[in-house]
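Letter by letter, the chains look like this.
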Amino acid sequence: MTSTDAFIAIREVEKFYGSFQAIANVSMDIRHGEFFSLLGASGCGKTTLLRMLAGFESASSGEICIDGQPMSEVPPYLRPVNMVFQNYAIFPHLNVRDNIAYGLRRLRLPRSKRHEMVEEILDLVKLPGYGDRRANELSGGQRQRVALARALILRPKVLLLDEPLGALDKQLREQMQVELRRLQRSVGITFVFVTHDQEEALTLSDRIAVMAGGRVLQVDTPSRLYEAPRSREVANFIGTMNFLGARVVSRANGHLRLDIEALGQLDLPAGGTPLSEGDRTCVAIRPEKITLHKDRPGGDAPALSGTLEMTTYLGERSHFHVRVPGCDNSFSVSAQNNTIQGGEGQASGRPVWLTWRDDALFVLGKD
Amino acid sequence: MSDVSYIRRPNRLLQIYACIFLIVLYVPVLFIPLFSFNDSIYVRFPLQGFTTNWYADLMRRDPLWAALMNSLRVGLSVAVISTFLGVLAARAITRYRLAGQNALVAFIMLPLVIPGIIFGVALLVLMSRMGVPLSLYTVALGHLIVCLPFAVATLLPRFEGFDRSMEEASADLGENPWWTFWRVTFPIVYPGVVASFLLTFTISFDEFIMAFFLSSTDATLPMYIWSQLRFPREFPSVLALSSIILLVSFALVFLALRIGRLGSVRKPGAGSNGAD
């Protein structure tokens, strides 16, 4: 990535609360016009990082630049960013119009112009005619739109969103996801979005930074994160993953020869992993990339045999747990219910066989 | 009966008790306005006839007006200062994690339970030791000690309910701390401030014990009333004056409670089952 890509540049940022390290040496670049998500479990430092961008927290060390400007000395009220708070922070003593126009005071616009801007943005967030409502007369979804409008009307360089969909019920959340994406495309503002919901992050983002324990584990596009996670932590956090312990036998021409539990020796592409001979590592495969057979499959493709431990019926899919001799953990297998007729018929304890395409299996970095 | 829920079922015994309670509480007080319109200098039944002479008589008493002005001056200053200090205290208590916070709150509230006479004597001793002459200033100081706990007690719930992200949102939208205070913080806590102001004013205005110990020749209104009680002929006028004070005090406290409740009855959010 070249430096011109870095609209927001986060350089070796650390944050300590007393002796507790909330952010550990984080460096990353966020591009202009990007929908960028910070994803992680609660307490991973994602909100702290967002609040640093807003200026509510200062970094213990390191530097944050927005559009080339160092931010460490800039107070929140002078930063070119606006935020949508987790609880929306709608001012209870003002109506919707005054809430949205709150930040316009400093611009010293004529009253009619201000009014016009508010009406315009109310249209954009699909709340036309709501200007005179008070905050307590709005539903959760409407409050969220007001918070969005209030931030967007100032045309910030960056919009920060702190789990804005967390308080909404599932249906409304999905609807708002679509609208957020539409809004972001239409205004062309860089969005930095904090969430603990991996599905939400995958749906919305151009790129995602997966965080844990104050560190950034991986920054990548949603599909790369899902298909090619670089570590076990990332693989575990996004979706479900089967892991098999492995040892590197040799490395040559970008390929690794691995000794894998239950599978024996196999050649896999090394990818970007820094593994060398003798290292212990893991190979991984997603549950939906495994095919479950009731009978021994023909041909000479590698097939693992095991016993079916448990079946979970999930409507459009079924989930199977298969115990394979020589493996510590049971295999998780997911299948669309069009290929296997119903989950109920699968008696536990019966023998099954597992197959997959060669490229479904990949090697993770050092443990 | 079955259409009334268990908790709302009327309880006859409780209603009678409530009535007796209110009667015992307020009937003695109601005698004061009653006799203030009685055409006799003796407070006794049967009533002699209706008159407003005692009220007219009040208008001609210059010392009374002087005392009233004194009380207003002390009351207003005490209300302003104790509410201001109360705002600072309530904000500090709710905003920062202070060491020994519970002890601090208890310490601020302590004057509520210490008898006024003890505080009065203590302050009197202190003032005379320090050579401070008694005046309306010393009265105000005494009242400040009495009023501060009330101010904090009124303001604390307001500030406790204050969501800090409101101020952050204001800063985020480009307002500096000064404007944030005036555009967000103050409007949200303002009902509590008004309630505290009215309450402390009323307390100071009616206060007797502190004024008794700490005032010199400038009497406050309660001091004036006390001085008039020695003359039986003045008693009906005192009743008339007391009636007026009662009325104004009631009005102020009612107003304070009413404003204090403003805003806090509003529900914080109307749920998220979207109407959109």
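Here the structure is a predicted model, which means the values were calculated and not measured.

1. Brief notes about the overall build of chain A
Part 1 of the argument: Along chain A, the regular secondary structure elements total 8 helices and 20 strands.
Part 2 of the argument: If you line up chain A on its principal axes, its C-alpha atoms span 80 × 45 × 35 Å.
Part 3 of the argument: Considering chain A as a whole, with its 367 residues, one finds that 50% of them fall into the buried category.
Part 4 of the argument: Partitioning the contacts of chain A with sequence separation of at least 6, the portion at a separation of at least 24 is 65%.
Part 5 of the argument: For chain A, the exposed area adds up to about 16,800 Å²; of that, 47% sits on carbon and sulfur atoms.
Part 6 of the argument: A distance of 5 Å separates the average location of the 44 positive side-chain charges in chain A from that of its 43 negative side-chain charges.

2. Describing helix α4 (residues 140-152) of chain A
Part 1 of the argument: Taking 1.5 Å of rise per residue, 13 residues should cover 18 Å, and α4(A) covers 18 Å from first to last C-alpha, within 8% of that figure.
Part 2 of the argument: For α4(A), the tally of buried residues reaches 13 of 13 residues, placing the bulk of the element in the interior.

3. Here we look at the interface of chain A and chain B
Part 1 of the argument: Counting from both sides, the interface comprises 34 residues of chain A and, opposite them, 30 residues of chain B.
Part 2 of the argument: Summing both partners gives a buried area of about 2,700 Å² for chain A against chain B, and 53% of it is carried by carbon and sulfur.
Part 3 of the argument: Ranking the residues of chain A by area buried against chain B places Tyr77(A), Tyr102(A) and Arg105(A) at the top, with a combined share of 25%.
Part 4 of the argument: Connecting chain A to chain B are 2 salt bridges.
Part 5 of the argument: Counting every contact that joins chain A to chain B gives 11 residue pairs in polar contact (both at pLDDT 80 or more).

4. A short note on the environment of Leu354(A)
Part 1 of the argument: Summarising the element assignment, Leu354(A) is placed in strand β19 (residues 351-355).
Part 2 of the argument: Setting aside its immediate chain neighbours within four residues, Leu354(A) contacts Ile290(A), Thr291(A), Leu292(A), Pro302(A), Ala303(A), Leu304(A), Val322(A), Val324(A), Phe331(A) and Val333(A).

5. Examining the pairing of strand β18 (residues 331-336) of chain A
Residues and elements named next belong to chain A.
Part 1 of the argument: Counting buried positions over the 6 residues of β18 gives 5, a clear majority of the element.
Part 2 of the argument: Sheet analysis places strand β17 (residues 317-323) next to β18, joined by 6 bridges and oriented antiparallel. For Arg 317, the partnering residue across the bridge sits in β18 and is Gln 336.

6. Some details on the UniProt feature "domain: ABC transporter" (unreviewed entry) in chain A
Part 1 of the argument: When the UniProt feature table is mapped onto this chain numbering, "domain: ABC transporter" (unreviewed entry) sits at residues 8-238 of chain A.
Part 2 of the argument: As a span, residues 8-238 of chain A carries 34% helix and 26% strand, and end to end its C-alpha atoms are 25 Å apart.

7. Digging into the UniProt feature "domain: ABC transmembrane type-1" (unreviewed entry) in chain B
Part 1 of the argument: Residues given the UniProt feature "domain: ABC transmembrane type-1" (unreviewed entry) here are residues 68-256 of chain B.
Part 2 of the argument: Measuring from the first to the last C-alpha atom of residues 68-256 of chain B gives 21 Å, for a span that is 80% helix and 0% strand.

8. Details of the nonpolar core
All names here are of chain A.
Part 1 of the argument: Within the largest apolar cluster, 89 residues are counted, with the highest numbers of intra-cluster contacts made by Ile 8, Leu 38, Ile 100, Leu 148, Leu 159, Leu 160 and Val 192.
Part 2 of the argument: When residues of this core are assigned to their parent elements, the largest contribution, 6 residues, is made by α4.
Part 3 of the argument: When residues no more than four places from it in sequence are discounted, the contact partners of Leu 148 are Val 84, Val 125, Leu 159, Leu 161, Met 176, Leu 180 and Leu 183.

9. Quick word on the confidence of the model for chain B
Residues and elements named next belong to chain B.
Part 1 of the argument: Here chain B averages 82 in pLDDT, and 92% of its residues register 70 or above.
Part 2 of the argument: Looking across chain B, the model is least confident in helix α2 (residues 53-59), with a mean pLDDT of 80, and most confident in helix α7 (residues 164-172), with 90.
Part 3 of the argument: Scored below 50 in pLDDT, residues 264-276 shows 27 contacts in the model against residues more than four places distant or in partner chains.
Part 4 of the argument: Both confidence scores are given for the complex: pTM 0.75, ipTM 0.79.

10. Topic: the sheet that holds strand β2 (residues 20-30) of chain A
Residues and elements named next belong to chain A.
Part 1 of the argument: One open sheet accounts for 4 strands, arranged β2-β1-β4-β5; its pairing is antiparallel. Looking at the sheet topology across the chains shown, the edges are occupied by β2 and β5 (69-70).
Part 2 of the argument: Strands in contact with helix α1 (residues 46-54) are β1 (8-17), β2 and β4 (61-66); relative to β1, the strand with the most contacts, it is inclined by about 115°.

11. As for the UniProt feature "transmembrane region" (unreviewed entry) in chain B
Residue and element names in this part refer to chain B.
Part 1 of the argument: UniProt records the feature "transmembrane region" (unreviewed entry) at residues 12-35, 64-90, 102-128, 134-156, 188-215 and 235-257, using the numbering of this structure.
Part 2 of the argument: Structurally, residues 12-35 is divided into 100% helix and 0% strand, and its ends, taken at the C-alpha atoms, are 34 Å apart.
Part 3 of the argument: End C-alpha atoms of residues 235-257 are separated by 32 Å, and the span's content is 100% helix alongside 0% strand.

12. Let's talk about a nonpolar patch on the surface
Residues and elements named next belong to chain B.
Part 1 of the argument: Among the surface-exposed residues, Leu 14, Tyr 17, Phe 21, Leu 22, Leu 25, Tyr 26, Leu 30 and Phe 250 lie close enough to one another that they form a single nonpolar patch of about 850 Å² accessible area.
Part 2 of the argument: Take the nonpolar patch: its biggest share by element is 7 residues, from helix α1 (residues 12-36).
Part 3 of the argument: Checked against the element boundaries, Leu 14 lands in helix α1.
Part 4 of the argument: Under the relative-accessibility criterion, Leu 14 is labelled exposed at 55%.

13. Observations concerning unusual backbone geometry
Residue and element names in this part refer to chain A.
Part 1 of the argument: In this structure, Tyr 88 is a non-glycine residue whose phi angle is positive, near 75°.
Part 2 of the argument: With respect to the helices, strands and loops of the structure, Tyr 88 is situated in the loop between β6 (81-84) and α2 (96-100).
Part 3 of the argument: Among the residues examined, Tyr 88 registers a relative accessible area of 4% and is labelled buried.
Part 4 of the argument: Located in the positive-phi region is Asn 253, a residue other than glycine, with phi close to 50°.
Part 5 of the argument: Within the secondary structure layout, Asn 253 lies in the loop between β11 (242-252) and β12 (255-260).

14. Remarks on helix α5 (residues 170-187) of chain A
Residue and element names in this part refer to chain A.
Part 1 of the argument: With 18 residues, α5 ought to run about 26 Å at 1.5 Å a step, and its terminal C-alpha atoms sit 26 Å apart, in line with that.
Part 2 of the argument: Residues of α5 that are buried include every one of Leu 172, Met 176, Gln 177, Glu 179, Leu 180, Arg 181, Leu 183, Gln 184 and Val 187, and no others.
Part 3 of the argument: The elements touched by buried residues of α5 are β3 (35-39), α3 (111-124), α4, β7 (158-162), β8 (190-195) and α6 (198-204).
Part 4 of the argument: Among the residues trailing α5, Gly 188 stands out with phi positive, at a value near 70°.

15. Brief notes about the pairing of strand β10 (residues 215-220) of chain A
All names here are of chain A.
Part 1 of the argument: Note that strand β9 (residues 207-212) and β10 share 5 bridges and pair antiparallel. Across the sheet, the residue bridging to Ala 212 is Arg 215, located in β10.
Part 2 of the argument: Hairpin connection, β9 to β10: the antiparallel pair is bridged by 2 residues, and Gly 213 has positive phi, about 55°.

Reading the values: the criteria
- Residues numbered from 1 in each chain as written.
- Chains lettered and ligands numbered in written order.
- Predicted model: local features only at pLDDT ≥ 70, side-chain atom pairs only at ≥ 80, totals over all residues.
- Heavy atoms only, no water.
- Helix = DSSP H or I, 4+ residues; strand = E, 2+ residues; numbered from the N terminus.
- Buried < 20%, exposed > 50% of the residue type's maximum accessible area, 1.4 Å probe, protein only.
- Contact = heavy atoms within 4.5 Å.
- Areas by Shrake-Rupley, 256 points an atom, 1.4 Å probe, with all protein chains shown as cover.
- Lys, Arg positive; Asp, Glu negative; His and termini not counted.
- Charge placed at Lys NZ, Arg CZ, Asp CG, Glu CD.
- Expected span 1.5 Å × (residues − 1).
- Buried area = accessible area lost by both parts, 1.4 Å probe.
- Salt bridge = Lys/Arg side-chain N within 4 Å of Asp/Glu carboxyl O.
- Polar contact = N/O pair within 3.5 Å; in protein donor to acceptor, adjacent residues only side chain to side chain.
- Pairing = 2+ DSSP bridges.
- UniProt positions renumbered as here; feature names shortened; annotations may be inferred.
- Core = buried A, V, L, I, M, F, W, Y, C linked by side-chain atoms within 4.5 Å.
- pLDDT = per-residue confidence, 0-100.
- Axes fitted to C-alpha atoms, helices over the stretch in contact; angles between N-to-C directions.
- Patch = residues over 30% accessible without salt bridge, like charges linked within 9 Å, V, L, I, M, F, W, Y side chains within 5 Å.

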